[in-house]
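# Coordinate analysis (summary)
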Amino acid sequence: MAPDPVPSGSLERNGTGKFSSIDAETLSWLSGELGVTHVWLTGVIRHATTESFDGCLASDPTVVKGKAGSPYAITDYFDVNPYLADNPSARMDEFKLLLDRIHSAGLKVLIDFIPNHVSRDYGKVGLSHVPQEGVLGASDDPSFHWRAENDFYYYPGQSLHLPCGGRYYENPAKASGNCFSPAPGINDWYETIRLNYCDFHTPTWDRMLEIVLFWCSMGVDGFRCDMVEMVPWQFMKWLIEKVKASYPGVIFIAEVYQKDLYRRYVEEVGFDLLYDKSGLYDTLRSVVQGDGTARAITWNWQSLGDLQPRMLNFLENHDEQRFASDFFAMDASKAAAPLCVSLLLNDSAFMIYNGQEAGERGMESEGFSGLDGRTTIFDWWSVPSLRRLYGHIHSGSGLKDEEKAVLDLYKVILDIARNTSGRTYDLCYLNEGSSGFDPDRHFAFLRGGEGRATLFVCDFSGKDSIVNVAITPEAFAYMGINKKETLVKSVSLRGYGYSALPV
């Protein structure tokens, strides 16, 4: 086994995973044991890093976050990261073999599409080939701050001033990924430059379409689209329509945060799934941490209405703090109740962030990322729980007892989710005054249909208790069950847990 990584360690010292590490055995386990249907490979497209490989030049460290660099600071939209290949010069062949392995396991492949920004030194560190639609920015007139034909925004007569100093020179300065300024701050995306879009067709649109069609032709099955609120919705609508005309089965997932725009992104733009970060994730996090009410779970699904099946639910992703971190729940065993709600209250898709199923805490200071409860995306690092999980998959050993317990919990609830479907019925409004039932800390619902249903009661209080839950004839009728009288079930709850009872 490789030595433990060190903070801010080099690639040579700390190492990294490879395409070949995602082997047939791992993929079979994901599909068979967890019921995974899609694998999202983030950080695949070549990005700025401090390492050089096979003609891919290192970026100036001044415009690289950490030693590894941000996976969202793209240097070449038509290439994969050489460091992910066993043979960097054969990296595209190795990536295609990975796609074939994933498809052979009955799974589909998602990658990131980053439409809103590129690396600060895009076009300066080697391109794999010149795209048919041209290199971004090659035909720009930098004497204009904004020009519809330009791919970037410029500050004529002003040099770039980076928050971390350094000798990186850019004149005229270009607008950064998330701010319009020649002097971005330390908390800005200063390592990126913002792409210029209009709400009407421009050459930038055509260049981005070529990128997506390229990856579709490679066999990619879908795209998680980064920060879509930062590009015009008209562009995304046009792009999705164009792509689906040639590849109708390709799916598009929107990273979107404004709930009042959810309906537009589904009905007008055509996204297949939307992050429900600002809805269910934020609601469950507040309930778990004790500063929110379980009543808000009801409010969230009611506000979504018929959009609910188009949500992508999650308890973790690379932007958010790990559930078990000291910044969130502090203990992975507390995941039972929120996991039950997130997976079983509806038929929405659910995303598992790698290592979540083993209770990864993200409580390491890896380098640039710092001790923030997240697993770094900026540093060369290997996550101990993932290394142990990899051993568990391949040899049946390696996980700690507490990690096995978390994995068992996930497997049970994931198994319920994939083997039961149909309707769900929120019982909370019926049980405001039921014995032992606390509407701020308990959540109860039915899941089932066609004459069968299971009662799920989730506890966010952390206290063992016995609660009574009433199920009315109307609730039974919704499940296709003919019962004319209200049934009251006595349910025993363990703190932060859930109970599942057939009715």
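Heads up: the structure comes first, above all this text.
The sections below set out a description of the structure shown in this document.

## What to know about the overall build of the protein
Within the protein, the regular secondary structure consists of 12 helices and 19 strands. Against the compact-globule benchmark of 23 Å for 503 residues, the protein has a radius of gyration of 24 Å, which places it among compact chains. Across the protein, every contact between residues at least 6 apart in sequence was considered, and the portion connecting residues at least 24 apart equals 68%. Summed over all atoms, the accessible surface of the protein reaches about 20500 Å², with 51% contributed by carbon and sulfur. Separation of charge centres in the protein, based on 46 positive and 66 negative side chains, amounts to 2 Å.

## With respect to the nonpolar core
If you look at the biggest cluster of nonpolar residues, it comprises 138 residues, and the most contacted ones within it are Phe95, Trp215, Phe223 and Phe271. With 9 residues, the single largest contributor to this core is helix 4 (residues 203-218). The contact partners of Phe271, leaving out residues within four places of it in the chain, are Cys225, Val228, Met236, Ile240, Phe252, Ile253, Ala254, Tyr265, Val266 and Arg310. Residues Leu160, Leu162, Tyr168 and Ala175 belong to the second largest nonpolar core, which totals 9 residues.

## What about the side chain of Asp276?
Residue placement: Asp276 occurs in the loop between strand 11 (273-275) and helix 7 (277-288). Buried Asp276, no salt bridge; nearest opposite-charge side chain is Lys259, N-O distance 5.3 Å.

## Overview of the sheet that holds strand 11
Spatially, the 7 strands line up as an open sheet ordered 1-4-9-10-11-12-13, and their pairing is parallel. The strands lining the two open edges of the sheet, one partner per strand, are strand 1 (38-41) and strand 13 (349-351). The average undirected angle you get between the axes of adjacent strands in this sheet is 30°. Across 2 bridges, the pairing between strand 11 and strand 12 (residues 311-314) is parallel. Its bridge partner lying in strand 12, Leu274 is registered against Met311. Across the face of the sheet, helix 3 (residues 91-104) comes into contact with strand 1 and strand 4 (108-113) while running at roughly 135° to strand 4.

## A word on empty space enclosed by the protein
Within the structure shown, the criterion is met by 5 cavities of 30 Å³ or more. Approximately 70 Å³ is the volume found for the largest cavity. Residue lining of the largest cavity: 14 residues in total, with Arg46, His47, Thr49, Cys56 and Leu57 positioned closest to the centre. Taken together, the residues that form the lining of the largest cavity break down as 7 nonpolar, 5 polar and 2 charged.

## Comments concerning the side chain of Asn317
Tracing the chain through its elements places Asn317 in the loop between strand 12 and helix 9 (336-344). In this structure the side chain of Asn317 is engaged in a polar contact, spanning 2.8 Å, whose partner is the backbone nitrogen of Asp319.

## Considerations on the layout of surface pockets
In this structure, the second largest pocket encloses a volume near 610 Å³. Along the walls of the second largest pocket sit 23 residues, with Lys65, Trp189, Asp319, Ile377 and Phe378 positioned nearest its centre. Here the residues of the lining of the second largest pocket are counted per class, giving 7 nonpolar, 8 polar and 8 charged.

## A few points about the sheet that holds strand 16 (residues 452-459)
Read from one edge to the other, the open sheet built from 4 strands follows the order 14-15-16-19, with strand pairing classed as antiparallel. Of all the strands in the sheet, the pair left with one neighbour each is strand 14 (423-426) and strand 19 (498-502). For this sheet, the mean inter-axis angle between neighbouring strands, taken without regard to orientation, is 20°. Here strand 15 (residues 442-449) runs beside strand 16; their pairing, made up of 8 bridges, is antiparallel. Within the sheet, the bridge partner assigned to Phe445 lies in strand 16 and is Phe456. Contacts between helix 11 (residues 401-419) and the sheet are confined to strand 15, strand 16 and strand 19, with strand 19 contributing the most and set at about 35° to the helix.

## Observations regarding the pattern of salt bridges
Applying the stated criterion to the full structure yields 29 salt bridges. Of the charged contacts in the structure, one is a salt bridge between Arg46 and Asp79, with a shortest N-O distance of 3.0 Å. Of this pair, Arg46 sits in strand 2 (residues 45-47) while Asp79 sits in strand 3 (residues 74-80); the two residues are 33 residues apart in sequence, bridging distant segments of the chain. Classification of Arg46 as buried rests on a relative accessible area of 4%.

## Topic: helix 8 (residues 295-304)
For helix 8, the complete set of buried residues consists of Ala296, Ile297, Thr298, Asn300 and Leu304. On the buried face of helix 8, the contacting elements are helix 6 (262-269), helix 7, strand 12, helix 9, strand 14 and strand 15. Count one or two residues on from helix 8 and you reach Gly305, which has phi positive near 55°.

## Overview of the packing of aromatic side chains
Under the definition given, this model contains 21 aromatic pairs. With a centroid separation of 5.2 Å and 75° between ring planes, the pair formed by Phe368 and Phe378 is classed as edge-to-face. Here the residue Phe368 occupies a position in the loop between strand 13 and helix 10 (384-395), and Phe378 occupies one in the loop between strand 13 and helix 10, the gap between them amounting to 10 residues. Between the aromatic rings of Phe445 and Phe456, the centroid separation amounts to 5.4 Å while the plane-to-plane angle is 20°, which identifies the pairing as stacked. With a gap of 11 residues between them, Phe445 in strand 15 and Phe456 in strand 16 connect regions that are remote in the sequence. Side by side, Phe445 and Phe456 carry an identical accessibility label, which is buried. Taken together, Phe19, Phe78, Phe95, Phe214 and Trp215 form an aromatic cluster joined through their ring pairs.

## Topic: the environment of Val250
Its location among the elements puts Val250 in the loop between helix 5 (233-246) and strand 10 (251-254). Taking relative accessible area as the criterion, Val250 reaches 5% and is therefore assigned buried. Spatially, the C-alpha atoms of Val250 and Asp151 are 26 Å apart, while their sequence positions differ by 99 residues. For Val250, the contacting residues outside a window of four places in its chain are Cys216, Val220, Asp221, Gly222, Phe223, Val243, Lys244 and Asp272.

## Focus on unusual backbone geometry
In this structure, Pro172 follows Asn171 across a cis peptide bond, with omega equal to 0°. At Met330, a residue that is not glycine, the phi angle is positive and equals roughly 75°. Following the sequence through the fold, Met330 ends up in the loop between strand 12 and helix 9. Notably, Glu450 is not glycine yet its phi reads approximately 55°, a positive angle. Along the polypeptide, Glu450 turns up in the loop between strand 15 and strand 16.

Reading the values: rules and limits
- Counting restarts for each chain, with residues numbered from 1 along the sequence as it is written.
- This being a predicted model, a pLDDT of at least 70 is required before a residue's local features are given, and a value of 80 or more before pairs of side-chain atoms are given or counted; all residues contribute to the totals for chains, interfaces and linings.
- Side-chain calculation: all heavy atoms of the structure are included, whereas hydrogens and water are not.
- Labels follow the DSSP assignment, with helices taken as runs of H or I lasting at least four residues and strands as runs of E lasting at least two, numbered in each case from the N terminus.
- As a reference, a globule follows 2.2 Å times the number of residues to the power 0.38, and the radius of gyration itself is taken over C-alpha atoms.
- Should any heavy atoms of two residues lie within 4.5 Å, those residues are counted as being in contact.
- The accessible surface values rely on the Shrake-Rupley method and a 1.4 Å probe; as for residues, cover is taken only from the protein chains in view.
- Positive residues here are Lys and Arg, negative ones are Asp and Glu, while His and the chain termini are left out of the count.
- Charged groups are reduced to one reference atom each: NZ for lysine, CZ for arginine, CG for aspartic acid, CD for glutamic acid.
- The nonpolar core is taken to be a set of buried Ala, Val, Leu, Ile, Met, Phe, Trp, Tyr and Cys residues, with the residues joined through side-chain atoms within 4.5 Å.
- When a residue's accessible area, from a 1.4 Å probe over protein chains only, is under 20% of the maximum for its type it is buried; when over 50% it is exposed; and in between it is partly exposed.
- Here, a salt bridge means any side-chain nitrogen of Lys or Arg that lies within 4 Å of a carboxyl oxygen of Asp or Glu.
- By the convention used here, strands pair only if DSSP detects at least 2 bridges between them.
- Convention adopted: a line fitted to C-alpha atoms gives each axis, helices being fitted over their contacting stretch, and angles between N-to-C directions are expressed from 0 to 180 degrees.
- Here the term cavity refers to a set of points on a 1 Å grid, laid over the protein atoms alone, in which a 1.4 Å probe fits but cannot get out; the term pocket refers to an open set having protein on both sides within 12 Å along at least five of seven lines, with lining residues being those that place an atom within 4 Å of a point.
- Grid points are joined across faces, edges and corners, and a volume is the space filled by probe spheres set on the points.
- Classes in brief: Ala, Val, Leu, Ile, Met, Phe, Trp, Tyr, Cys and Pro nonpolar; Asp, Glu, Lys and Arg charged; the others, Gly included, polar.
- Distance and chemistry together define a polar contact, namely a pair of N or O atoms within 3.5 Å, with one atom able to donate a hydrogen and the other to accept it when in protein, and with adjacent residues in sequence counting only for side-chain atoms on both sides.
- Planes of paired rings set the category: under 30 degrees apart is stacked, over 60 is edge-to-face and the rest tilted, where pairs are Phe, Tyr or Trp rings (Trp by its six-membered ring) whose centres lie within 6.5 Å.

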